[in-house]
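Spelled out, the chains give:
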Amino acid sequence: GAGVSQTPSNKVTEKGKYVELRCDPISGHTALYWYRQSLGQGPEFLIYFQGTGAADDSGLPNDRFFAVRPEGSVSTLKIQRTERGDSAVYLCASSQDRDSPLHFGNGTRLTVT
Amino acid sequence: AQTVTQSQPEMSVQEAETVTLSCTYDTSESDYYLFWYKQPPSRQMILVIRQEAYKQQNATENRFSVNFQKAAKSFSLKISDSQLGDAAMYFCAYRSQNTGGFKTIFGAGTRLFVKA
């Protein structure tokens, strides 16, 4: 595609439920990043993939958060037992390589009620 | 750990005027990139300008330019001839060039209002 695609654009879920957020990066981009942006804040790093492997997952807040990128393209961020504090915009970005600027998607706004 | 600080939560500028957004950062590294990103209400972050730390010359992209002061760890963004479409959140960001420097670290942002 022409840009980074994230689905859904909005997700409302109940506390305790499981959610999956999808990111489709720009074709050919090997690097993929997930960020979380709370209201009024800058994006906060969650995890970085180089190809299929998670090269740095130090930003994941706890073990309820997990992300995969099985074929080195599409990535899914998975959140178990959601909490109200997980409510935020989840941004995905990709880059051609680790030295290139990030290209962001429009994000998924997650609301946990 | 590296940090990025934007001390201006909000700024306002008259259309066609010039405005400067401030950013400071803290790092012990010598090789890194600095960026300014724009985030309109659509939520998509758009790269405005990029600066490599080894370059002394300040980056320029049309109406956007930076004042990079490496010793002072300062990286301000100047927007000339401001347009209504410039209204957005602006984020200053840092990324290490060292091995393992995968993260891009963002400041808290400055909301820019443009008055007609």
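Since the model is a prediction, treat every value here as computed from it, not as a measurement.

### With respect to the overall build of chain A
- Secondary structure assignment for chain A yields zero helices and eleven strands.
- Here chain A has a C-alpha radius of gyration of 13 Å; the compact-globule value for 113 residues is 13 Å, and the two agree.
- Dimensions of chain A, computed from the C-alpha atoms along their principal axes, are close to 35 × 25 × 25 Å.
- When each of the 113 residues of chain A is scored for burial, the buried share is 48%.
- Excluding contacts between residues fewer than 6 apart, the proportion of contacts in chain A whose partners are at least 24 apart in sequence is 52%.
- Split by element, the accessible area of chain A, about 5,200 Å² in all, is 45% carbon and sulfur.
- With 12 positive and 12 negative side-chain charges, chain A shows a separation of 8 Å between the mean positions of the two kinds.

### Remarks on the sheet that holds strand β7 (residues 65-68) of chain A
Residues and elements named next belong to chain A.
- Read across the sheet, four strands follow the order β1-β3-β8-β7 without closing on themselves; strand pairing throughout is antiparallel. Each end of this open sheet is capped by a strand with a single partner; those strands are β1 (5-7) and β7. Geometrically, the sheet is characterised by an average inter-axis angle of 15° between neighbouring strands, direction not taken into account.

### Description of the interface of chain B and chain A
- Each side of the interface is counted separately: chain B has 24 residues, and chain A has 27 residues.
- Applying the counting criterion to the chain B and chain A interface returns zero salt bridges.
- Linking chain B with chain A are nine residue pairs in polar contact (both at pLDDT 80 or more), by the criterion used here.
- In terms of residue count, the dominant contributor to the side of chain B that touches chain A is strand β5 (residues 32-39) of chain B (four residues).
- Here the residues of the side of chain B that touches chain A sort into nine nonpolar, eleven polar and four charged.

Scoring rules and cut-offs
- Residues numbered from 1 in each chain as written.
- Chains lettered and ligands numbered in written order.
- Predicted model: local features only at pLDDT ≥ 70, side-chain atom pairs only at ≥ 80, totals over all residues.
- Heavy atoms only, no water.
- Helix = DSSP H or I, 4+ residues; strand = E, 2+ residues; numbered from the N terminus.
- Rg over C-alpha atoms; globule rule 2.2 N^0.38 Å.
- Buried < 20%, exposed > 50% of the residue type's maximum accessible area, 1.4 Å probe, protein only.
- Contact = heavy atoms within 4.5 Å.
- Areas by Shrake-Rupley, 256 points an atom, 1.4 Å probe, with all protein chains shown as cover.
- Lys, Arg positive; Asp, Glu negative; His and termini not counted.
- Charge placed at Lys NZ, Arg CZ, Asp CG, Glu CD.
- Pairing = 2+ DSSP bridges.
- Axes fitted to C-alpha atoms, helices over the stretch in contact; angles between N-to-C directions.
- Salt bridge = Lys/Arg side-chain N within 4 Å of Asp/Glu carboxyl O.
- Polar contact = N/O pair within 3.5 Å; in protein donor to acceptor, adjacent residues only side chain to side chain.
- Nonpolar A, V, L, I, M, F, W, Y, C, P; charged D, E, K, R; others polar.

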